[in-house]
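# Chain and residue survey
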Amino acid sequence: MTEPTASTRYELARIEAAAAWHVRMMDGPLDADEQAAFDTWKADSPENAKIFEIGESALREYDDPRVVATLYALRAEAMAARGADLASGDDCEP
């Protein structure tokens, strides 16, 4: 099995960050600091905003608690798989 490229790892990190923002927003409104961090993250790259909007659309499409539970589980799985990368200080996480 080949190692993922740096761009693939970065894209996965971007997707994980968008998912993390979605999960955080499901818990309730962002405070001022969180909102500023979210706005900065979205402004950092047009791709961040695009991926977040794709997730937003998917959540509206599948507004079902079972889907949300699956998203939580998939995110946890992805985060566990990336454990070593997270320790490196990846800036894509909210």
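Residues numbered from 1 in each chain as written. Predicted model: local features only at pLDDT ≥ 70, side-chain atom pairs only at ≥ 80, totals over all residues. Heavy atoms only, no water.

### Brief notes about the overall build of the protein chain
Looking only at helices and strands, one finds 5 helices and 0 strands in the protein chain. The burial tally for the protein chain puts 23% of its 94 residues in the buried class. For the protein chain, the exposed area adds up to about 6,300 Å²; of that, 58% sits on carbon and sulfur atoms. (Helix = DSSP H or I, 4+ residues; strand = E, 2+ residues; numbered from the N terminus. Buried < 20%, exposed > 50% of the residue type's maximum accessible area, 1.4 Å probe, protein only. Areas by Shrake-Rupley, 256 points an atom, 1.4 Å probe, with all protein chains shown as cover.)

### Points about the environment of E11
As for its position among the elements, E11 is in helix 1 (residues 6-26). Here the alpha-carbon distance between E11 and I51, two residues 40 residues apart in the chain, equals 9.8 Å.

### A few points about the packing of helix 1 against helix 4 (residues 65-81)
Contact pair helix 1 / helix 4: the axes reach a minimum separation of 11 Å and the direction vectors enclose 135°. Considering their axes alone, helix 1 and helix 4 lie oblique with respect to each other. When you trace helix 1 past helix 4, the crossing you get is left-handed. Along its contact with helix 1, which presents E16, A19, A20, V23 and M26, the element helix 4 presents V68, Y72, R75, A78 and M79. Its residues assigned to classes, the contact of helix 1 with helix 4 comprises 8 nonpolar, no polar and 2 charged. (Axes fitted to C-alpha atoms, helices over the stretch in contact; angles between N-to-C directions. Parallel < 35°, antiparallel > 145°, perpendicular 65-115°, else oblique. Left-handed = near helix turned anticlockwise from the far one by under 90°. Contact = heavy atoms within 4.5 Å. Nonpolar A, V, L, I, M, F, W, Y, C, P; charged D, E, K, R; others polar.)

### What about the packing of helix 1 against helix 2 (residues 32-44)?
Where helix 1 meets helix 2, the axes come as close as 12 Å, and the angle between the chain directions of the two elements is 150°. Looking at the two axes, helix 1 sits roughly antiparallel to helix 2. For the pair helix 1 and helix 2, the sense of crossing is left-handed. Taken together, the residues of helix 2 that come into contact with helix 1 (itself represented by R14, A17, A18, W21, R24 and M25) are E34, A37, F38 and W41. Of the residues in the contact of helix 1 with helix 2, the class split is 7 nonpolar, no polar and 3 charged.

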